[in-house]
Amino acid sequence: TARKKFNGGLRQSMRLESESFFAHVLREKRPATELLTANYTFLNETLAEWYRIEGIKGSHMRKVDLPEGSNRGGILTQATFQLVTSNPTRTSPVKRGLFVLENFLATPPPPAVPDVPPLEESAKGPNKDLTLREVLKIHAEQKLCASCHMRMDPIGLALENYNAIGIWRDTEKGKPIDASGQLMTGEKFSNARELSHILASARKEDFHRAVSEKLLTYAVGRGVEYFDAPTID
(Lines give C-alpha, C1' and ligand atoms only; values in the text may rest on other atoms or scores of the structure.)
Protein backbone atom coordinates (compact mmCIF):
# COMPACT_ATOMS: atom_id res chain seq x y z
CA THR A 1 0.00 0.00 0.00
CA ALA A 2 1.05 3.58 -0.60
CA ARG A 3 2.53 5.24 2.47
CA LYS A 4 0.62 8.29 3.68
CA LYS A 5 2.25 11.70 3.90
CA PHE A 6 3.87 12.87 7.10
CA ASN A 7 1.34 15.12 8.84
CA GLY A 8 0.03 16.16 12.24
CA GLY A 9 -2.17 13.08 12.61
CA LEU A 10 0.76 10.76 11.97
CA ARG A 11 2.94 12.72 14.38
CA GLN A 12 0.25 12.37 17.07
CA SER A 13 0.07 8.60 16.43
CA MET A 14 3.85 8.37 16.89
CA ARG A 15 3.61 10.17 20.21
CA LEU A 16 0.76 7.92 21.34
CA GLU A 17 2.84 4.85 20.47
CA SER A 18 5.62 5.85 22.85
CA GLU A 19 3.26 7.04 25.60
CA SER A 20 1.09 3.90 25.41
CA PHE A 21 4.19 1.71 25.35
CA PHE A 22 5.71 3.32 28.45
CA ALA A 23 2.36 3.25 30.29
CA HIS A 24 2.01 -0.48 29.57
CA VAL A 25 5.49 -1.30 30.89
CA LEU A 26 4.82 0.77 34.01
CA ARG A 27 1.29 -0.44 34.80
CA GLU A 28 1.95 -4.09 34.04
CA LYS A 29 5.12 -3.97 36.17
CA ARG A 30 7.27 -5.21 33.31
CA PRO A 31 11.10 -5.10 33.59
CA ALA A 32 12.52 -1.68 32.72
CA THR A 33 14.73 -3.34 30.10
CA GLU A 34 11.57 -4.20 28.14
CA LEU A 35 11.55 -0.53 27.13
CA LEU A 36 14.48 -1.51 24.92
CA THR A 37 13.71 -5.08 23.90
CA ALA A 38 9.91 -5.47 23.70
CA ASN A 39 8.63 -7.69 20.88
CA TYR A 40 5.42 -5.65 20.77
CA THR A 41 4.38 -2.03 20.33
CA PHE A 42 1.21 0.08 20.15
CA LEU A 43 -0.17 0.99 16.73
CA ASN A 44 -3.17 2.30 14.90
CA GLU A 45 -3.84 2.03 11.17
CA THR A 46 -1.99 5.27 10.33
CA LEU A 47 1.23 4.34 12.11
CA ALA A 48 1.06 0.68 11.03
CA GLU A 49 1.01 1.78 7.39
CA TRP A 50 4.01 4.05 8.05
CA TYR A 51 5.88 1.07 9.51
CA ARG A 52 4.68 -1.29 6.73
CA ILE A 53 2.89 -3.53 9.25
CA GLU A 54 -0.25 -5.05 7.80
CA GLY A 55 -3.59 -6.03 9.32
CA ILE A 56 -4.19 -3.00 11.59
CA LYS A 57 -7.41 -1.07 10.95
CA GLY A 58 -8.95 1.88 12.74
CA SER A 59 -7.68 4.98 14.51
CA HIS A 60 -7.44 3.59 18.06
CA MET A 61 -4.08 2.51 19.46
CA ARG A 62 -3.78 -1.15 20.40
CA LYS A 63 -1.02 -3.52 21.56
CA VAL A 64 0.43 -5.39 18.56
CA ASP A 65 2.78 -8.36 18.81
CA LEU A 66 5.56 -7.89 16.28
CA PRO A 67 6.47 -10.70 13.87
CA GLU A 68 9.72 -12.63 14.22
CA GLY A 69 12.57 -10.68 12.63
CA SER A 70 10.71 -7.36 12.74
CA ASN A 71 12.85 -4.22 12.53
CA ARG A 72 10.66 -2.62 15.21
CA GLY A 73 10.57 -3.24 18.95
CA GLY A 74 11.76 -1.00 21.79
CA ILE A 75 12.28 2.73 22.10
CA LEU A 76 15.27 2.91 19.73
CA THR A 77 13.10 1.71 16.84
CA GLN A 78 10.15 4.04 17.46
CA ALA A 79 9.59 7.00 15.14
CA THR A 80 9.48 9.46 18.04
CA PHE A 81 13.09 8.61 18.84
CA GLN A 82 14.10 8.91 15.16
CA LEU A 83 12.48 12.36 14.84
CA VAL A 84 13.86 14.00 17.97
CA THR A 85 17.41 12.80 17.21
CA SER A 86 17.55 13.93 13.56
CA ASN A 87 18.30 17.16 11.76
CA PRO A 88 15.52 18.69 9.62
CA THR A 89 16.74 17.10 6.38
CA ARG A 90 18.83 14.09 7.45
CA THR A 91 19.60 11.69 10.23
CA SER A 92 22.21 12.60 12.81
CA PRO A 93 24.25 9.67 14.17
CA VAL A 94 25.95 12.12 16.53
CA LYS A 95 22.65 13.31 18.02
CA ARG A 96 21.36 9.75 18.26
CA GLY A 97 24.52 8.47 19.89
CA LEU A 98 24.59 11.40 22.31
CA PHE A 99 20.92 10.84 23.20
CA VAL A 100 21.54 7.19 24.06
CA LEU A 101 24.65 7.97 26.10
CA GLU A 102 22.87 10.66 28.09
CA ASN A 103 19.43 9.13 28.52
CA PHE A 104 19.96 5.35 28.41
CA LEU A 105 23.49 4.91 29.78
CA ALA A 106 23.87 7.94 32.09
CA THR A 107 27.36 8.55 30.65
CA PRO A 108 27.30 11.84 28.70
CA PRO A 109 30.51 12.73 26.82
CA PRO A 110 32.35 16.00 27.53
CA PRO A 111 31.23 19.16 25.67
CA ALA A 112 32.12 19.40 21.99
CA VAL A 113 35.36 21.09 20.98
CA PRO A 114 34.65 24.72 19.95
CA ASP A 115 34.95 25.93 16.33
CA VAL A 116 34.61 22.48 14.75
CA PRO A 117 33.05 22.94 11.26
CA PRO A 118 29.63 21.34 10.74
CA LEU A 119 29.40 17.85 9.30
CA GLU A 120 28.03 19.25 6.04
CA GLU A 121 31.44 20.83 5.35
CA SER A 122 32.95 17.34 5.14
CA ALA A 123 30.22 16.22 2.72
CA LYS A 124 30.96 18.71 -0.08
CA GLY A 125 32.92 18.46 -3.31
CA PRO A 126 34.49 15.05 -3.90
CA ASN A 127 32.76 13.71 -0.79
CA LYS A 128 29.18 14.53 -1.83
CA ASP A 129 28.38 10.92 -2.78
CA LEU A 130 29.75 9.39 0.42
CA THR A 131 27.44 7.78 2.97
CA LEU A 132 27.00 9.42 6.35
CA ARG A 133 29.21 6.74 7.92
CA GLU A 134 32.01 7.63 5.46
CA VAL A 135 31.59 11.37 6.01
CA LEU A 136 31.65 10.93 9.79
CA LYS A 137 34.91 9.04 9.54
CA ILE A 138 36.50 12.05 7.82
CA HIS A 139 34.86 14.49 10.23
CA ALA A 140 36.15 12.64 13.31
CA GLU A 141 39.78 12.35 12.19
CA GLN A 142 40.88 15.28 14.37
CA LYS A 143 42.43 13.83 17.54
CA LEU A 144 40.52 16.22 19.79
CA CYS A 145 37.24 14.97 18.35
CA ALA A 146 38.06 11.29 17.93
CA SER A 147 37.59 10.14 21.54
CA CYS A 148 34.03 11.47 21.80
CA HIS A 149 33.05 10.31 18.32
CA MET A 150 34.30 6.80 19.15
CA ARG A 151 31.66 6.72 21.90
CA MET A 152 28.78 8.35 20.04
CA ASP A 153 29.10 7.40 16.38
CA PRO A 154 28.84 3.57 16.58
CA ILE A 155 25.59 3.93 18.53
CA GLY A 156 24.15 6.48 16.13
CA LEU A 157 25.24 4.55 13.03
CA ALA A 158 23.49 1.43 14.35
CA LEU A 159 20.26 3.39 13.78
CA GLU A 160 20.97 4.54 10.22
CA ASN A 161 18.39 2.13 8.78
CA TYR A 162 15.75 4.48 10.22
CA ASN A 163 15.58 7.78 8.36
CA ALA A 164 14.83 11.20 9.84
CA ILE A 165 11.08 10.50 9.99
CA GLY A 166 11.23 6.90 11.16
CA ILE A 167 10.96 5.05 7.84
CA TRP A 168 13.05 1.89 7.45
CA ARG A 169 15.56 1.92 4.58
CA ASP A 170 18.19 -0.55 3.39
CA THR A 171 20.38 1.80 1.39
CA GLU A 172 21.77 5.34 1.46
CA LYS A 173 22.90 7.02 -1.77
CA GLY A 174 22.62 3.66 -3.50
CA LYS A 175 24.92 1.88 -1.05
CA PRO A 176 23.83 -0.76 1.52
CA ILE A 177 23.67 0.67 5.04
CA ASP A 178 26.22 -0.78 7.45
CA ALA A 179 24.64 -0.64 10.92
CA SER A 180 27.32 -2.71 12.68
CA GLY A 181 29.58 -1.37 15.36
CA GLN A 182 31.15 -1.76 18.77
CA LEU A 183 30.67 0.06 22.06
CA MET A 184 33.66 1.53 23.87
CA THR A 185 33.17 -1.24 26.43
CA GLY A 186 33.77 -3.87 23.72
CA GLU A 187 30.28 -5.23 22.93
CA LYS A 188 29.73 -5.77 19.20
CA PHE A 189 26.40 -5.50 17.35
CA SER A 190 25.10 -5.76 13.79
CA ASN A 191 21.99 -3.57 13.96
CA ALA A 192 19.72 -1.51 16.20
CA ARG A 193 17.89 -4.50 17.67
CA GLU A 194 21.18 -6.14 18.72
CA LEU A 195 22.34 -2.84 20.21
CA SER A 196 19.08 -2.61 22.18
CA HIS A 197 19.63 -6.09 23.62
CA ILE A 198 23.20 -5.21 24.62
CA LEU A 199 21.97 -2.09 26.45
CA ALA A 200 19.42 -4.29 28.24
CA SER A 201 21.89 -7.04 29.22
CA ALA A 202 25.62 -6.29 29.32
CA ARG A 203 24.95 -2.59 30.06
CA LYS A 204 21.85 -3.20 32.18
CA GLU A 205 23.25 -1.55 35.32
CA ASP A 206 24.01 1.64 33.36
CA PHE A 207 20.50 1.58 31.88
CA HIS A 208 18.90 1.10 35.29
CA ARG A 209 20.92 4.02 36.67
CA ALA A 210 19.81 6.22 33.77
CA VAL A 211 16.15 5.31 34.31
CA SER A 212 16.49 5.95 38.05
CA GLU A 213 18.01 9.39 37.40
CA LYS A 214 15.21 10.31 34.99
CA LEU A 215 12.48 9.14 37.37
CA LEU A 216 14.05 11.03 40.28
CA THR A 217 14.29 14.19 38.15
CA TYR A 218 10.62 13.84 37.25
CA ALA A 219 9.61 13.15 40.86
CA VAL A 220 11.41 16.06 42.54
CA GLY A 221 11.21 18.58 39.69
CA ARG A 222 14.92 19.40 39.43
CA GLY A 223 18.12 18.03 37.98
CA VAL A 224 20.14 15.32 39.68
CA GLU A 225 22.84 16.59 42.07
CA TYR A 226 25.92 14.87 43.51
CA PHE A 227 24.19 14.37 46.86
CA ASP A 228 21.45 12.31 45.14
CA ALA A 229 23.90 9.47 44.44
CA PRO A 230 22.93 7.36 47.50
CA THR A 231 19.25 7.63 46.60
CA ILE A 232 19.90 6.62 43.00
CA ASP A 233 22.08 3.71 44.16
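From a predicted model like this one, the values you see are computed outputs, not experimental measurements. (Residues numbered from 1 in each chain as written. Predicted model: local features only at pLDDT ≥ 70, side-chain atom pairs only at ≥ 80, totals over all residues. Heavy atoms only, no water.)

Draft legend 1. Fine view of the nonpolar core. Counting residues in each nonpolar core, the largest one holds 29 residues, and the members touching the most others are Phe21, Leu76, Val100, Phe104, Leu195 and Leu199. Contributions of two or more residues to this core are made by helix 1 (8–27), helix 2 (34–37), strand 1 (40–43), helix 5 (93–103), helix 8 (143–157), helix 9 (192–199) and helix 10 (204–220). Among the elements that take part in this core, helix 9 stands out by supplying four residues, more than any other. The next biggest cluster of nonpolar side chains, apart from the first, holds 14 residues, and it includes Ala48, Tyr51, Leu66 and Ala79. (Core = buried A, V, L, I, M, F, W, Y, C linked by side-chain atoms within 4.5 Å. Buried < 20%, exposed > 50% of the residue type's maximum accessible area, 1.4 Å probe, protein only. Helix = DSSP H or I, 4+ residues; strand = E, 2+ residues; numbered from the N terminus.)

Draft legend 2. Structural view of the pairing of strand 1. Of the two faces of strand 1, both are covered, the one formed by Tyr40 and Phe42 as well as the one formed by Thr41 and Leu43. For strand 1 and strand 2 (residues 62–65), the ladder comprises four bridges, and the chain directions are antiparallel. Residue pairing in the sheet places Thr41 in a bridge with Val64 of strand 2. (Pairing = 2+ DSSP bridges.)

Draft legend 3. Up close: the packing of aromatic side chains. Tallying each qualifying case throughout the model produces nine aromatic pairs. When the ring of Phe6 is compared with that of Trp50, the centres are 6.2 Å apart and the planes differ by 50°; the resulting orientation is tilted. Note that Phe6 is positioned in the segment before helix 1 and Trp50 in helix 3 (residues 45–50), a separation of 44 residues in sequence. Residue classification places Trp50 among the buried residues on the basis of a relative accessible area of 4%. Taking the centre distance of 6.3 Å and the plane angle of 75° together, the rings of Phe104 and Phe207 count as edge-to-face. Of this pair, Phe104 sits in the loop between helix 5 and helix 6 (119–122) while Phe207 is found in helix 10, placing the two residues 103 residues apart along the sequence. (Phe/Tyr/Trp six-rings, centres within 6.5 Å; stacked < 30°, edge-to-face > 60°.)

Draft legend 4. Spatial organisation of the pattern of salt bridges. Scanning all chains against the criterion turns up 10 salt bridges. In this structure, Glu19 and Arg15 form a salt bridge, with 2.7 Å as the shortest nitrogen-oxygen distance. Taken together, the residues Glu19 and Arg15, both in helix 1 and four residues apart, mark about one turn of the helix. According to the relative accessible area criterion, Glu19 is partly exposed, its value standing at 39%. For the salt bridge of Arg203 with Asp206, the shortest nitrogen-to-oxygen distance reads 2.8 Å. A single salt-bridge network, built from bridges that share partners, covers Glu187, Arg203 and Asp206. (Salt bridge = Lys/Arg side-chain N within 4 Å of Asp/Glu carboxyl O.)

Draft legend 5. View of a nonpolar patch on the surface. A grouping of Phe22, Leu26 and Leu215 is seen on the molecular surface, where their side chains present a nonpolar patch of about 300 Å² in accessible area. As for its position among the elements, Leu26 is in helix 1. Residue Leu26 is classed as exposed on the basis of its relative accessible area of 56%. (Patch = residues over 30% accessible without salt bridge, like charges linked within 9 Å, V, L, I, M, F, W, Y side chains within 5 Å. Areas by Shrake-Rupley, 256 points an atom, 1.4 Å probe, with all protein chains shown as cover.)

Read these as geometric descriptors, not functional statements.
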